[in-house]
Amino acid sequence: MSINPDTALNIAKVLTEALPYIQRFQGKTMVIKYGGNAMVDEKLKQGFARDIVLMKLVGMNPVIVHGGGPQIGNVLDQIGKESKFIEGMRVTDAETMDVVLMVLGGLVNKDIVNLINQAGGHAVGLTGKDGGLIRARKMTFERHNPEMNAPEIIDIGHVGDVESIDPSVVNMLVKQGDFIPVIAPIGVGEDGQSYNINADLVAGKLAQTLEAEKLILLTNTPGVLDNEGELLTGLKAKEVEALIADGTIHGGMLPKIRCALDAVHSGVGTAQIIDGRVEHAVLLEVLTDEGVGTLIRS
């Protein structure tokens, strides 16, 4: 069967457009936070796995950090345990932490590993507990209480922050074994307790530690939007900080933006917040001129 000349020309244009990016990023590390719709829609899941395998085959070193909040919520519902949140953070008692370990470290992690391997890659699943990868510290926060003279300290259980990252196990897999690490954001504290950590935060800190070329955060939005709803891209860190100051960037986008800013200020080449609802979003962002999200550079 002959191919339509116009179709053939479009394919050739795509391939030639991708070539300089393949050359530029060969041997570079890309830390990708995987979450949102891209993790639950079957077509998007298959596309993501193929994107990651292709990146590895052309010489890049993708490292995946994944979330799993909705999946945790579903399992808690099934066992009759109510999900509680304080200021957007899941209250994680010992029983909930057991579910987090099972869902993030088991079900979700192994599903992603299997998808990548079925697409022809060689993925290995990890949690931050493996090889001492993520050392955590317990997270607490303060809340104003008008009935008290001092701020109220809120304890939300086994929720952590990143104390430090030891990348030895990741470097061994990537550089010596040619594997694709898939990391669940669970750390361990000095007390030996397991802690659930925000996946964006883990991805950002890991990108800094690995001196990654890119930090890519998949979201359920097109990226950073202005007040008219238009996508903003090619932003410098100072421009992003101005958008935060004037209120253009607010709400749920703020933590992702702060994670991206921390990364580029700490030596990561660029940070990208991209629309995970777009099929093959990762490849489109890495290998095309246009991209599908907001790019932030220092």
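Residues numbered from 1 in each chain as written. Predicted model: local features only at pLDDT ≥ 70, side-chain atom pairs only at ≥ 80, totals over all residues. Heavy atoms only, no water.

**Student:** What should I look at first to understand the pairing of strand 2 (residues 61–66) in this one?
**Tutor:** On a regular strand, each side chain points to the face opposite its neighbour's, so the side chains alternate between the two faces of the sheet. Most of strand 2 sits out of view: six of its six residues are buried. Neither face of strand 2 is open: one carries N61, V63 and V65, the other P62, I64 and H66, and all of them are buried. Note that strand 1 (residues 29–34) and strand 2 share six bridges and pair parallel. Looking at strand 2, one finds that V31 is bridged to V63. With respect to chirality, the unit in which strand 1 leads through helix 2 (residues 42–57) into the neighbouring parallel strand 2 is right-handed. Note that strand 2 and strand 8 (residues 180–184) share two bridges and pair parallel. Of the residues in strand 8, the one forming a bridge with V65 is I183. (Buried < 20%, exposed > 50% of the residue type's maximum accessible area, 1.4 Å probe, protein only. Helix = DSSP H or I, 4+ residues; strand = E, 2+ residues; numbered from the N terminus. Pairing = 2+ DSSP bridges. Right-handed = clockwise from strand over helix to strand, strands pointing away.)

**Student:** Please explain the packing of aromatic side chains as it appears in this structure.
**Tutor:** For any two aromatic rings, the description comes down to two numbers: the centre-to-centre distance and the angle of the planes. For the structure shown, the criterion picks out two aromatic pairs. Aromatic pair Y34 and F48: ring centres 3.8 Å apart, planes at 5 degrees, arrangement stacked. Highlighted residues: Y34 in strand 1 and F48 in helix 2, separated in sequence by 14 residues. With a relative accessible area of 2%, Y34 lands in the buried category. Among the residues examined, F48 registers a relative accessible area of 4% and is labelled buried. (Phe/Tyr/Trp six-rings, centres within 6.5 Å; stacked < 30°, edge-to-face > 60°.)

**Student:** How should the pairing of strand 7 (residues 152–165) be read in this particular structure?
**Tutor:** With nine bridges connecting them, strand 6 (residues 134–143) and strand 7 associate as antiparallel partners. Paired with T140 across the bridge in strand 7 is D155. The pairing of strand 7 with strand 10 (residues 194–197) spans two bridges and is classified as parallel. Looking at strand 10, one finds that V159 is bridged to N196.

**Student:** Looking at this structure, I do not really get the environment of F85. What am I missing?
**Tutor:** Counting through the fold element by element, F85 comes out in strand 3 (residues 85–86). The spatial distance from the C-alpha of F85 to the C-alpha of L243 is 28 Å, given a sequence separation of 158 residues. Ignoring any residue separated from it by four or fewer positions in sequence, one finds F85 in contact with R90 and V91. (Contact = heavy atoms within 4.5 Å.)

**Student:** Any chance you could explain helix 7 (residues 237–245) here in plain terms?
**Tutor:** The α-helix advances 3.6 residues per turn, and as a result positions three or four apart in sequence lie on the same side. Every buried residue of helix 7 is listed here: A237, V240, L243 and I244. Here the buried residues of helix 7 occupy an arc of 120 degrees about the axis, which is enough to place them on one side. Opposite the buried face of helix 7, at more than 90 degrees from it, the exposed residues are K238 and A245. In the core, the buried residues of helix 7 are packed alongside strand 13 (231–232), strand 14 (235–236), helix 8 (253–265) and strand 16 (293–297). (Arc of directions from axis to C-beta.)

**Student:** What is the right way to read helix 6 (residues 199–209) from this model?
**Tutor:** When helix 6 is considered as a whole, its buried residues turn out to be A199, D200, V202, A203, G204, L206 and A207. Of the residues that open helix 6, the one with a side-chain oxygen 2.9 Å from the backbone nitrogen of D200 is N198. Residue E211 follows helix 6 closely and has a positive phi angle near 55 degrees. (Polar contact = N/O pair within 3.5 Å; in protein donor to acceptor, adjacent residues only side chain to side chain.)

**Student:** So what exactly am I meant to see when it comes to the pattern of salt bridges here?
**Tutor:** For side chains of opposite charge, pairing can occur when their charged atoms come near one another. Counted according to the given criterion, the structure contains 12 salt bridges. Note that D200 and K33 form a salt bridge whose closest N and O atoms lie 3.6 Å from each other. Within this pair, whereas D200 is found in helix 6, its partner K33 is found in strand 1, the two being separated by 167 residues in sequence. Assessed through its relative accessible area of 10%, K33 is described here as buried. Two residues, E279 and K43, come together in a salt bridge whose shortest N-O distance is 3.6 Å. Here E279, found in the loop between strand 15 (270–275) and helix 9 (281–287), pairs with K43, found in helix 2; they are 236 residues apart in sequence, far enough to count as distant. A single salt-bridge network, built from bridges that share partners, covers K33, D200 and K256. (Salt bridge = Lys/Arg side-chain N within 4 Å of Asp/Glu carboxyl O.)

**Student:** Mind showing me how you'd approach the UniProt feature "binding site: substrate" (unreviewed entry) in the protein chain here?
**Tutor:** According to UniProt, the positions carrying the feature "binding site: substrate" (unreviewed entry) are G68, G69, R90 and N196. Separation in sequence by 129 residues is not matched in space for these annotated residues, since their most distant C-alpha atoms are only 12.1 Å apart. Residue G69 is classed as partly exposed on the basis of its relative accessible area of 32%. On the secondary structure map, N196 appears in strand 10. Owing to a relative accessible area of 12%, N196 belongs among the buried residues under this scheme. Ignoring anything within four residues of it in the chain, the contact list for N196 reads T92, M97, V100, L104, H158, V159, G160 and P185. (UniProt positions renumbered as here; feature names shortened; annotations may be inferred.)

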